[in-house]
Amino acid sequence: MFLLGGPLDVAAKQSVTFTVSGTVKGSNGDPLMAHIHIHELGRSTLADMDGDFLIEDLRPGTYHIHFTHIGYKSHTENVRVVDSDVRLLLEMSESAITLQSLTIEANPFKNGPLEQSQTIDVIDREYIEKNNSGTFANALEKLPGVSTINTGVGISKPVIRGMSFNRIMVNDRGIKQEGQQWGADHGLEIDPFDVDRVEVIKGPASLIYGSDGMAGVINIAPGALPEPGAIQGHVASTYRTNNGMWSNTAMIEGNEQDIVFKARVTAQDFQDYRVPTGQFTYAGFVLPVYDRRLKNTAGKERHFSLMGGVRKAWGKSTVTISQFNQTAGIFTGAVGIPTAYSLRHNGDNRGIDFPRQDNQHLKIISNTTVQHEGNWLEIDLGYQRNRRREESLPHAHGVGPTPEGNLALGLFLNTYTANIRYNQQINDTHQTILGIQSSFMVNEKDGFEFLLPNFSSLQGGAFYFHEYRWKKHLIVNAGLRADIGQHKIEEHLQPIYERLTPTGQFDQRNPDILRTFFNVSGSTGMSWVLNTNQNIKLNVGSSFRMPTPMELSTNGIHHGNFRHEIGNADLVSERSYQADANYTYSKKNLLVGISPFWGYYQDYIYLAPTGRFSSLPGSSTSWEYRQHNAIFTGGEIKADWVLLPNTTLSVAGEYIYNYNLETDLPLPLTPPFSLLAGLEYGLPKIGRIAEKVMLFVDFRHAADQNRVDRNERTTAGYQLIEGGVGWQSKVRNQTIQFQLSGQNLTNSYYFNHLSRYRLLNLPEQGRNISFSIKIPLTIKSQ
């Protein structure tokens, strides 16, 4: 019997259970009270003061056990329980680098950071809270190789190594996020407060994750399940001065006799945001920015999530239901040609007028891990309903009153997903994964405008992945994958208007389209641990991507991007040949990582400006989907150096070079060279009023971006300063956490090359001071 794919009760074929015990010590021999977590069961325990631990009631099988302790590198043991108890003696290496204490689970075998052959960055809830600027994607910007495409301050989406949209995947609890991600003005429907840990895989990941994993994958993983008898939670609030954003969230979670639950509600409200200018220039006209606020960029968000499940000796099963709700204004000058009259402000900075977008995203996700003959079967099932409504006044689009009213564009997408993986530990040196993935999507359109027709899409794939521990310090892997997909796209006839009156005639924007795609891909990699301080990784392979229905059939005005976009029904699948390497040098007080990459893309699909103005009313220039061969190369470098016991210097840099082999020009929307340097100073205590005090300052330099496609604007470089202080205090034995921080502290006037408002010559957000407070709550302890 299954709980949306997970067993409610599994008969115990193996009545005999065993224990795993041991002792954890540091490199100097001192015992460590380490945190010990069994990945497959979601169970955790703590070692005692002597470093001893005991895990009982384990069935025969293979378990991935993670050991973590502040001030030490994380450690993972693959433990095989056969017919007797297991005793471990572990030694953990010291590290003053905070993120080295985090485990990585994006690796298919969940077996630790040294075994994986790809470059993976992992961040936790503490990192996200420190860098939260209102959206989930913006919290990732400080990772080398990651940037964002922004539309104002409430809408953003991630970019990995210069690629975004359908070339990177966002997996939430094992299910690929499907929310019309082809649109630059379509942000991720993710509550930034409902993310406990994120693992960013940089480089080709199609083998394990499917068609859209060419540039990388962002895995959003749930936090550890609460221990039995515990009920806990928190409330948190943040205020940001630039746009008067209030963010409030509350969470509660618990475990009663291995019945686990978690609930969260979040509300965010924000005003029109401020920019450091009173005017901007568009199409040769100087236009006003009244009160230095961009008109109609306010918004509001309401989110909730509920999780329930069971945790037993056979495994674990949970069901998560979440709903993302956002209403956000679109800058008034984004629809039609901006004029001084349309930009006049009515004085209401919180009002959400036309044009605007109303987004809702419902997810129901089931995650189940079941033990089968000593191995593990993982089942992820998901349903998503994405409802996107873009509203505007019809006359701004050159049409008269319509039956749809003010609904300019409605996109309603339903997605059904099923992923199954079987993890088998053959022996101490060989382990494999066999996986099957499938999805079915149905999209329906509404509104008086046209951008994307009705369509259905069915995709499926199967893969085999094998890891071999050739020698103690040399691990190699390889895998193959086959995929098939079909898009069925309906013809769309758009009514023709003349002087706001329908003529009774129709314009065929796209014909009926039926396309089927088949792809085979593979990859191989290795991780070589040279010694305790050095690790080399290499991954090479071939990836693929099917053209999306948007790329095949669009022919309309995308107002969020200020352009007329034209698809191509003859596009073929992209094919890439990629190589990704990483060298890491790590000591107690120093971590240095270098990650070069190279890729050749055959039939690379991209949207490029034509240099012509559109004939459609209310539009500006025309952009069309093209397909050429291209090269992407570049790399990232990062370093963390603990200068003094409480002082850490960090440096991260990234550079991306691409080249269109057909036009001999760069590809559009390429991030510029960027360098981020940070200094952090911590104090354990200041008197009786503050504990765990942390001060930080960051400096970002972005170079000029002069390597642009034909008809694409160049963008000048800029420098930004950010800083802040965080601490915690106790009031009557209640811990309260505080943080005061500021972004763009010098109120610099600059352009982000990837911003959608860059096309209107609008600068980025000005100075923004944030203050946050978080109150952890313990309702019931173990």
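See above for the structure.
No experiment lies behind these values; they were computed from the predicted model shown.

A. A look at the overall build of the protein chain. Helix and strand counts for the protein chain stand at 3 helices and 44 strands. Computed over the C-alpha atoms, the radius of gyration of the protein chain is 26 Å, within 12% of the 28 Å expected from 2.2 N^0.38 for a compact globule of 782 residues. Its C-alpha atoms give the protein chain principal-axis dimensions of roughly 85 × 60 × 50 Å. With 782 residues in all, the protein chain has 59% of them scored as buried.

B. Up close: empty space enclosed by the protein. Evaluated as defined, the whole model comprises 12 cavities of 30 Å³ or more. Taken as a whole, the largest cavity holds about 390 Å³ of empty space. As for the largest cavity, its lining consists of 29 residues, and the residues nearest its centre are Phe 165, Arg 167, Tyr 606, Leu 607 and Leu 669. Secondary structure elements with two or more residues in the lining of the largest cavity: α3 (549-553), β35 (563-566), β37 (590-613) and β38 (621-644). No other element matches β37, which puts 4 residues into the lining of the largest cavity. Here the lining of the largest cavity is built from residues that sort into 17 nonpolar, 7 polar and 5 charged.

C. Structural view of the sheet that holds strand β5 (residues 43-46). Read across the open sheet, the 4 strands follow the order β5-β4-β7-β8; overall the sheet is antiparallel. Edge strands, defined here as strands with exactly one partner in the open sheet, are β5 and β8 (75-81). Here the average twist between neighbouring strands, direction ignored, is 25 degrees. As defined by bridge partners, strand β4 (residues 35-38) adjoins β5 across 4 bridges and the pair is classed as antiparallel.

D. Seen up close, the packing of aromatic side chains. Within the structure shown, the criterion is met by 15 aromatic pairs. For the pair Tyr 749 and Phe 751, a centre-to-centre distance of 5.6 Å together with 80 degrees between the ring planes defines the contact as edge-to-face. Residue Tyr 749 is classed as partly exposed on the basis of its relative accessible area of 43%. In this structure an aromatic cluster arises from ring pairing among Tyr 601, Tyr 604, Tyr 606 and Phe 632. Directly above the ring of Tyr 604 sits Arg 167, whose terminal nitrogen or CZ lies 3.9 Å from the centroid. A cation sits over an aromatic face here: Arg 758 above Phe 751, 4.6 Å from the ring centre.

E. A look at a negative patch on the surface. Together, Glu 444, Glu 490, Glu 491 and Asp 512 make up a region of like negative charge exposed at the surface. As for its placement among the helices and strands, Asp 512 is situated in the loop between β31 (501-510) and β32 (513-531).

F. Quick peek at a positive patch on the surface. On the surface, Lys 685, Arg 688, Lys 692 and Lys 730 cluster together into a patch of positive charge. Within the secondary structure layout, Lys 730 lies in strand β42 (residues 718-731). Judged by relative accessible area, Lys 730 falls into the exposed class, the value being 52%.

G. How the structure looks around the sheet that holds strand β6 (residues 52-58). Within the open sheet, the 3 strands sit side by side as β6-β3-β9. Their pairing is mixed. Looking along the sheet, the strands with just one partner apiece sit at the ends: β6 and β9 (86-92). Within this sheet the neighbouring strands show an average axis-to-axis angle of 20 degrees, counted without direction. Strand direction decides the pairing type here: strand β3 (residues 18-26) and β9, joined by 7 bridges, are parallel. Across the sheet, residue Val 20 finds its bridge partner in β9, namely Val 86.

H. Region of the structure containing the environment of Arg 469. Within the element layout of this structure, Arg 469 appears in strand β28 (residues 455-471). Its relative accessible area of 27% is what places Arg 469 among the partly exposed residues. From its side chain, Arg 469 meets the backbone oxygen of Lys 472 in a polar contact 2.9 Å long.

I. Expanded view of the nonpolar core. Among the nonpolar cores identified, the biggest contains 30 residues, and Phe 136, Val 198, Ile 218 and Tyr 604 are the most heavily contacted of them. Contributions of two or more residues to this core are made by α1 (125-131), β13 (168-172), β15 (197-202), β16 (216-221), β37 and β38. Looking at this core, the element that brings in the most residues is β37, giving 5 residues. With near-sequence residues (within four places) excluded, Tyr 604 lies in contact with Met 163, Arg 167, Glu 574, Arg 626, Gln 627, His 628, Ala 630, Phe 632 and Leu 667. Counting 23 residues, the second largest nonpolar core, distinct from the first, contains Leu 41, Ile 55, Ile 65 and Tyr 72.

J. Seen up close, unusual backbone geometry. Residue Phe 354 is joined to Pro 355 through a cis peptide bond whose omega torsion reads -5 degrees. Note that Pro 355 resides in the loop between β23 (315-329) and β24 (356-372). Not every positive phi belongs to a glycine, and Glu 373 is a case in point at roughly 50 degrees. When you line up the elements, Glu 373 lands in the loop between β24 and β25 (375-391). Backbone geometry at Asp 603 places phi at a positive 60 degrees, although glycine is not the residue there. Its location among the elements puts Asp 603 in strand β37.

K. Geometry of the pattern of salt bridges. Scanning the model with the defined rule gives 35 salt bridges in all. A salt bridge links Asp 172 to Arg 173; its shortest N-O distance comes to 3.0 Å. Comparing Asp 172 with Arg 173, the two get one shared label, buried. Between Glu 227 and Arg 311 there is a salt bridge, with its nearest N and O atoms 3.6 Å apart. With Glu 227 in the loop between β16 and β17 (231-240) and Arg 311 in strand β22 (residues 299-312), this pair connects stretches of sequence that are 84 residues apart. Accessibility expressed as a relative area gives 17% for Glu 227, which makes it buried. When salt bridges with common partners are traced through the structure, they connect Asp 121, Arg 161, Lys 202, Asp 580, Glu 636 and Lys 638 into a single cluster.

L. Spotlight on the environment of Leu 451. Along the polypeptide, Leu 451 turns up in the loop between β27 (430-446) and β28. Judged by its relative accessible area of 1%, Leu 451 is buried. Ignoring anything within four residues of it in the chain, the contact list for Leu 451 reads Trp 182, Leu 409, Met 550, Thr 554, Asn 555, Gly 556, Ile 557 and His 558.

About the cut-offs
Residues numbered from 1 in each chain as written. Predicted model: local features only at pLDDT ≥ 70, side-chain atom pairs only at ≥ 80, totals over all residues. Heavy atoms only, no water. Helix = DSSP H or I, 4+ residues; strand = E, 2+ residues; numbered from the N terminus. Rg over C-alpha atoms; globule rule 2.2 N^0.38 Å. Buried < 20%, exposed > 50% of the residue type's maximum accessible area, 1.4 Å probe, protein only. 1 Å grid on protein atoms, 1.4 Å probe; cavity = no way out; pocket = protein on both sides within 12 Å on 5 of 7 lines; lining within 4 Å. Points joined across faces, edges and corners; volume = space filled by probe spheres on them. Nonpolar A, V, L, I, M, F, W, Y, C, P; charged D, E, K, R; others polar. Pairing = 2+ DSSP bridges. Axes fitted to C-alpha atoms, helices over the stretch in contact; angles between N-to-C directions. Phe/Tyr/Trp six-rings, centres within 6.5 Å; stacked < 30°, edge-to-face > 60°. Lys NZ or Arg CZ within 6 Å of the ring centre and 35° of its normal. Patch = residues over 30% accessible without salt bridge, like charges linked within 9 Å, V, L, I, M, F, W, Y side chains within 5 Å. Areas by Shrake-Rupley, 256 points an atom, 1.4 Å probe, with all protein chains shown as cover. Salt bridge = Lys/Arg side-chain N within 4 Å of Asp/Glu carboxyl O. Lys, Arg positive; Asp, Glu negative; His and termini not counted. Charge placed at Lys NZ, Arg CZ, Asp CG, Glu CD. Polar contact = N/O pair within 3.5 Å; in protein donor to acceptor, adjacent residues only side chain to side chain. Core = buried A, V, L, I, M, F, W, Y, C linked by side-chain atoms within 4.5 Å. Contact = heavy atoms within 4.5 Å.

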